[in-house]
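# Observations on the three-dimensional arrangement
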Amino acid sequence: MSDLRLFNSLTRQIETFTPVHRGEARVYTCGPTVYNYPHIGNMRAYVFADVLGRTLSWQGYRLTHVINITDVGHLTDDADAGEDKLEKAAAANAQSIWDIARHYTQAFWADVKALNIRQPAEWSVATDYIGEMLDFARSIADKHCYQLDSGLYFDVSTVADYGKLARAVTEEGEGRIDAVEGKRNAADFAIWRTTPPGETRQMEWDSPWGRGAPGWHLECSVMGGKLLGFPFDIHTGGIDHREIHHPNEIAQNQAFCGCGGLDVPSHSGANIWMHNNFLVDRTGKMSKSSGEFLRLQLLLDRGYHPLAYRLMCLQAHYRSELEFSWEGLGAALTRLKRMVLLAAPLHAADKVDEMHPKFEPALSKFEDAVTDDLNTPIALTALEEALAMKKVDAGAKRAVIEKMDAVLGLGLLDLARTDLRIRPKDAQLSEDEIEDALTRRKAARAEKDFAASDAIRDELTAKGVEVMDGDPLGWEWKLG
Ligand code: AMP
Ligand code: ZN
């Protein structure tokens, strides 16, 4: 199998993946902040991490994947300004933070499942690691931190090459809101945030720096190091994390490990840092607070199968921006339908282990694409070539499709054509009613009673159901 080559954001180069531990791959992915539902842009980050994990497994590595759940510390501004997102959501909903976190974690997991994202080895929850975070902070406090009234701050000038990942940090700390008085450098960040006198927070713990809560970046350093060991192989996140969260995480890791500059990538705590680009809508960056809130549930309510969205993600390279549109989602659904139709005859076939030589070109194109920094757009065309192959044994074809789909995760050997019907939540007719009307229409046509068959068709049209005689994809109807 070809070597796996991945783009390392830290070196801005494509590098060959060489595991830290022979035969193993250890991956950490920054998880969601569970103060609200994830939007589909957030889910793009986990589809990407999933494809990475699946590719590593496919290459034969024993994968340990950790995704964290942020339930403390993430402020409304990524720098140290604003309120804790969870405290704010809890106050707005008059609920406890724990209830808020539980509700949105479960909603996130439902989206993970719907998108065929594999379960990681561990979902590590930040508040389960407060003790470890305090130990970590204690170990770096003397050499790298200083205390202000508002908490303990990390002095970024104490580590070499601070901000190398972002490439854009100026002395003023570009893009930062220098909201905290007394910081030595604009880019310094909170390791521990002390609760202001007279205030109480729902989530606070005692510490040598006063009662308070950890800074947001601390949790990922702690859980990554604890669960995967420094240095581990790959750290992933969305491209926004390249600017603040990951440079800060890296600085903490350098301090904790006592290592030198970032000319040696492993000093950052991970050998490779990977970032997915954003999903955007026409208004620009996807947002949970403005415009149409694009949750996966909204796509489902409008009748789209969630895997059409997964396919939409795979159609773009993870490092390219992807624009969401309903037309684009519709096109992805049609493409998925075509694949599912071609895969349907394989469901019952017994897999043949030996590779049929006819499939070699498609398989090698697929492998080249996936190992070339996860080029899923090309890999999809290789999958389609294999699916379209005629006059081949179904068992042999099944083996190839199974292999490819292990990486892409479209569930082609499980999905039925009817699963992909557009099913809007507010449809006026149930599917059974539609099927029943179409059966009556078929009977009328068989008896050459065209008046009756047209009447049934008109009735369905009036209720938003388009009858599709002779559709090449074999659909008999769709909801308009
Ligand atoms: P958050 O819950 O805000 O911490 O974000 C969860 C993940 O989604 C992070 O890896 C973010 O970088 C990523 N992310 C946020 N917005 C988008 C977007 N529009 N497209 C892709 N990834 C995103
Ligand atoms: Zn993180």
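The preceding data block contains the structure.
Here's what I pulled together on the structure shown here. Numbering of residues starts from 1 in every chain and runs along the sequence as written. The lettering of chains begins at A and the numbering of ligands begins at 1, in the order of writing. Totals for whole chains, interfaces and linings use every residue, but because this is a predicted model, local features are given only for residues with pLDDT of at least 70 and side-chain atom pairs only at 80 or more, for both listing and counting. Hydrogens and water molecules were not included; the side-chain quantities draw on all heavy atoms of the structure.

Right, let's get into the pattern of salt bridges. Any Lys or Arg side-chain nitrogen located within 4 Å of an Asp or Glu carboxyl oxygen qualifies as a salt bridge. Scanning all chains against the criterion turns up 21 salt bridges. Ionic pairing is found between lysine 351 and glutamate 402, a salt bridge with its closest N-O pair at 3.1 Å. You can see lysine 351 sitting in the loop between helix H9 (326–343) and helix H10 (360–371) and its partner glutamate 402 sitting in helix H12 (residues 394–408), a full 51 residues away along the chain. Under the relative-accessibility criterion, lysine 351 is labelled partly exposed at 42%. Using a 1.4 Å probe on the protein chains alone, a residue whose accessible area is under 20% of its type maximum counts as buried, one over 50% counts as exposed, and one in between counts as partly exposed. The exposure class assigned to glutamate 402 is partly exposed, which follows from its relative accessible area of 28%. Bridged by salt links that share partners, the residues Arg441, Arg445, Arg457 and Asp469 form one connected network. Only DSSP runs of H or I covering at least 4 residues are called helices, and only runs of E covering at least 2 are called strands; the numbering of each starts at the N terminus.

To continue, consider the site of ligand 1. Near residues are defined by distance, with any heavy atom within 4 Å of the molecule or strand qualifying the residue. What surrounds ligand 1 is a group of 18 residues, the closest being Thr33, Gly41, Gly238, Asp240 and Leu279. Any pair of N or O atoms that falls within 3.5 Å is considered a polar contact. Within protein, one atom must be able to donate a hydrogen and the other to accept it, and sequence-neighbouring residues count only if both atoms are side-chain atoms. For ligand 1, an oxygen atom lies 2.4 Å from a polar atom in the side chain of aspartate 240. For ligand 1, a nitrogen atom lies 3.3 Å from a polar atom in the side chain of asparagine 276. All accessibility values rest on the Shrake-Rupley procedure with a 1.4 Å probe; residue burial counts only the protein chains present in the view. If ligand 1 stood free it would expose 490 Å²; the protein chains cover 95% of that surface. Of all the secondary-structure elements, those providing two or more residues to the shell around ligand 1 are helix H1 (40–58) and strand S10 (232–238). Looking at the shell around ligand 1, the element that brings in the most residues is H1, giving four residues. Classification convention: Asp, Glu, Lys, Arg as charged; Ala, Val, Leu, Ile, Met, Phe, Trp, Tyr, Cys, Pro as nonpolar; all other residues, Gly among them, as polar. Considering only residue class, the shell around ligand 1 consists of six nonpolar, eleven polar and one charged.

So yeah, pure geometry; function would need other evidence.
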